[in-house]
Amino acid sequence: AVAVVVAMEPPHAATLDLIRDARTRIEPYAKVTPVHTCSTIDHLVAFDAGGPVKVFSKCETFQKGGAFKYRGAMNAVLQLTEDQRARGVVTHSSGNHAGALALAARTIGIPAHIVVPEGAPACKLDAIHEYGGIMTRCKATVPDREATAGRIQRETGATLIPPYDHSHVICGQGTIGLEFMEQVPGLDVVLVPVSGGGMIAGVAAAVKGINENCAVVAAEPCGASTTPRADVAASKARGRLVSDMPPPDTIADGLRAKLGALTWPIVRDKVDGVVTVTEPEIVRAMALIYERMKLVVEPSGAVGLAAALSEQFKGFLRARESPEATVRVGVVLCGGNVDLAPLWATYKV
């Protein structure tokens, strides 16, 4: 007889139980962020969508550090050993994870080495300095980011805490989903911005663990280029991780990464679909959030609402079984770290 060996996939990097553990761990440090609503946005999303819609916005803009990233960073540093704490942490990031890790490290009194690529917004660089991060600049490519972080790791013995492809980080971000499902019972769908997938992997694990029938939809910028650059949409369409696309040339500077080895299996198994959005759609959503909700949001943070307003998502809503029932749509506003210096300069005082 011939023995047949079946390769077993490793378990997902985030589960509902692990996310609940993460919430208990970070509870003394991270904020429970508020959920806001806006009737104007309800009407705009419901227009031509086949029935009534109520939109609930989870405002991670109010999280420490101004974005959701503090959750994952805090969950990761709190699980370091004493020896690891003594040698500090290192990461590479275009901004929000960098600032979040610097702040998390300062919270527990350890050094944080931050590799930041060229082109990162000034407001995010200022946050890294303010939080005590030890900054090193590099070229704006993933290989150079990783190589620079690797060199610092060898020189200092620091523990690498990557921006998204790390179980502790994913589980920390998943606490967004736990809170959202408790704050807004009966959500029908949750829209989450995506690039590397740490946030949506954690949120999807939490949401699906609580209510398998609640849809989780990724919101992805396709960029200004005429060539396809939405790698999450391509990966879902092909059923395999697509890793050979260049990053999108998008104003959403926090959404230029690629799915990782740990985030992709969760996205593959638990995310129901992907809505891609254009640059004008992102700007329109950003303007609505500023003008109607009176909230500060960065381009990456507006991508979820841009998806909710898109024709692609409205097609999803029109296909619902009970058009007379109000669809409860959750949108994660994932960050608010936008450089406002040009605005203040317009006042000329």
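Preceding this section is the structure that the text describes.
Quick notes on the rules
Residues numbered from 1 in each chain as written. Predicted model: local features only at pLDDT ≥ 70, side-chain atom pairs only at ≥ 80, totals over all residues. Heavy atoms only, no water. Helix = DSSP H or I, 4+ residues; strand = E, 2+ residues; numbered from the N terminus. Buried < 20%, exposed > 50% of the residue type's maximum accessible area, 1.4 Å probe, protein only. Contact = heavy atoms within 4.5 Å. Areas by Shrake-Rupley, 256 points an atom, 1.4 Å probe, with all protein chains shown as cover. Lys, Arg positive; Asp, Glu negative; His and termini not counted. Charge placed at Lys NZ, Arg CZ, Asp CG, Glu CD. Pairing = 2+ DSSP bridges. Right-handed = clockwise from strand over helix to strand, strands pointing away. Axes fitted to C-alpha atoms, helices over the stretch in contact; angles between N-to-C directions. Salt bridge = Lys/Arg side-chain N within 4 Å of Asp/Glu carboxyl O. Polar contact = N/O pair within 3.5 Å; in protein donor to acceptor, adjacent residues only side chain to side chain. Patch = residues over 30% accessible without salt bridge, like charges linked within 9 Å, V, L, I, M, F, W, Y side chains within 5 Å. Parallel < 35°, antiparallel > 145°, perpendicular 65-115°, else oblique. Left-handed = near helix turned anticlockwise from the far one by under 90°. Nonpolar A, V, L, I, M, F, W, Y, C, P; charged D, E, K, R; others polar. Phe/Tyr/Trp six-rings, centres within 6.5 Å; stacked < 30°, edge-to-face > 60°.

Q: What exactly am I supposed to notice about the overall build of the chain here?
A: Scanning the chain from terminus to terminus reveals 15 helices and 10 strands. For the chain, the spread of C-alpha atoms along the principal axes amounts to about 85 × 60 × 45 Å. Here the chain holds 349 residues, and 54% of them are scored as buried. For the chain, the proportion of contacts with a sequence separation of at least 24, taken over those separated by at least 6, is 74%. When the accessible surface of the chain is split by element, carbon and sulfur atoms take 55% of a total near 15100 Å². Charged side chains of the chain number 35 positive and 35 negative; the gap between the two group centres comes to 2 Å.

Q: Would you mind showing me how to read the pairing of strand β5 (residues 134–138) here?
A: Residues in a regular strand project their side chains so that they alternate between the two faces of the sheet. Of the strand pairs in this sheet, strand β4 (residues 112–117) and β5 are connected by five bridges, and their pairing is parallel. If you follow isoleucine 114 over to β5, its bridge partner there is methionine 135. Crossover handedness for the path β4 to helix α6 (residues 122–130) to β5: right-handed.

Q: Quick question: what am I supposed to make of the sheet that holds strand β6 (residues 159–160) here?
A: Two strands in a sheet stick together by hydrogen bonds in their backbones, pointing the same way (parallel) or opposite ways (antiparallel). Ordered in space as β5-β4-β3-β6, the four strands form an open sheet in which the pairing is parallel. Taken across any chain shown, the strands that pair with only one partner, and hence form the sheet edges, are β5 and β6. With respect to the sheet, helix α7 (residues 142–156) is in contact with β3 (89–92), β4, β5 and β6, its orientation differing from that of β4 by roughly 160 degrees.

Q: Sorry if this is basic, but what is going on with the side chain of arginine 320 here?
A: Within the secondary structure layout, arginine 320 lies in the loop between α14 (311–318) and β10 (327–333). For the buried arginine 320, no salt bridge exists, and the shortest N-O distance to an oppositely charged side chain is 7.2 Å, to aspartate 188. Within the local environment of arginine 320, its side chain forms a polar contact with the backbone oxygen of proline 52, the two atoms lying 3.3 Å apart. Among the polar contacts made by the side chain of arginine 320, one reaches the main-chain carbonyl oxygen of alanine 325 at a distance of 3.5 Å. The residues touching arginine 320, leaving out its near neighbours within four places in the chain, are Ala49, Gly50, Gly51, Pro52, Ala325 and Val327.

Q: Mind showing me how you'd approach the sheet that holds strand β2 (residues 53–59) here?
A: Taken in spatial order, the six strands line up as β1-β2-β10-β7-β8-β9 in an open sheet, and their pairing is mixed. Every interior strand has two partners, whereas the edge strands, β1 (35–36) and β9 (273–277), have only one. Strand direction decides the pairing type here: strand β7 (residues 189–193) and β10, joined by three bridges, are parallel. When the bridges of β10 are listed, valine 189 appears paired with valine 329. Packing of helix α10 (residues 231–238) onto the sheet brings it into contact with β8 (215–221) and β9, and relative to β9 it is tilted by some 145 degrees.

Q: So what exactly am I meant to see when it comes to a nonpolar patch on the surface here?
A: Residues Leu343, Trp344, Tyr347 and Val349 make up a contiguous nonpolar surface patch of about 540 Å² in total accessible area. Along the chain, the position of tryptophan 344 falls in helix α15 (residues 341–345).

Q: Is there a simple way to think about the pairing of β10 in this case?
A: For β10, a buried count of six out of seven residues is recorded, marking the element as mostly surrounded by other parts of the structure. Across seven bridges, the pairing between β2 and β10 is parallel. Paired with lysine 58 across the bridge in β10 is valine 332.

Q: Would you explain the side chain of threonine 61 in this entry?
A: Relative to the helices and strands, threonine 61 is located in the loop between β2 and α3 (69–77). Under the relative-accessibility criterion, threonine 61 is labelled buried at 14%. What threonine 61 contacts, discounting residues up to four positions off in sequence, is Gly66, Val296, Val297, Leu333, Gly335 and Gly336.

Q: In this structure, what is going on with the packing of α10 against helix α11 (residues 263–270)? I would like to understand it.
A: The relative placement of two packed helices is expressed as an angle between their axes plus a distance between the axes. Orientation of α10 relative to α11, taken along the N-to-C sense of each, is 60 degrees, at an axis distance of 10 Å. Classified by the angle their axes make, α10 and α11 are oblique. For the pair α10 and α11, the sense of crossing is right-handed. Residues Val232, Ser235 and Lys236 of α10 touch α11, and the partners they reach there are Trp264, Val267 and Arg268. Considering only residue class, the contact of α10 with α11 consists of three nonpolar, one polar and two charged.

Q: Would you mind showing me how to read the packing of aromatic side chains here?
A: Geometrically, a pair of aromatic rings is defined through the distance of the ring centres and the angle of the planes. Tallied over the full model, the rule gives one aromatic pair. Considering the side-chain rings of phenylalanine 313 and phenylalanine 316, the 5.6 Å spacing of their centres and the 25 degrees angle between planes classify their relative orientation as stacked. Taken as a pair, phenylalanine 313 and phenylalanine 316 lie in helix α14 at a separation of three residues, close to a single helical turn. Taking relative accessible area as the criterion, phenylalanine 313 reaches 1% and is therefore assigned buried. Among the residues examined, phenylalanine 316 registers a relative accessible area of 41% and is labelled partly exposed.

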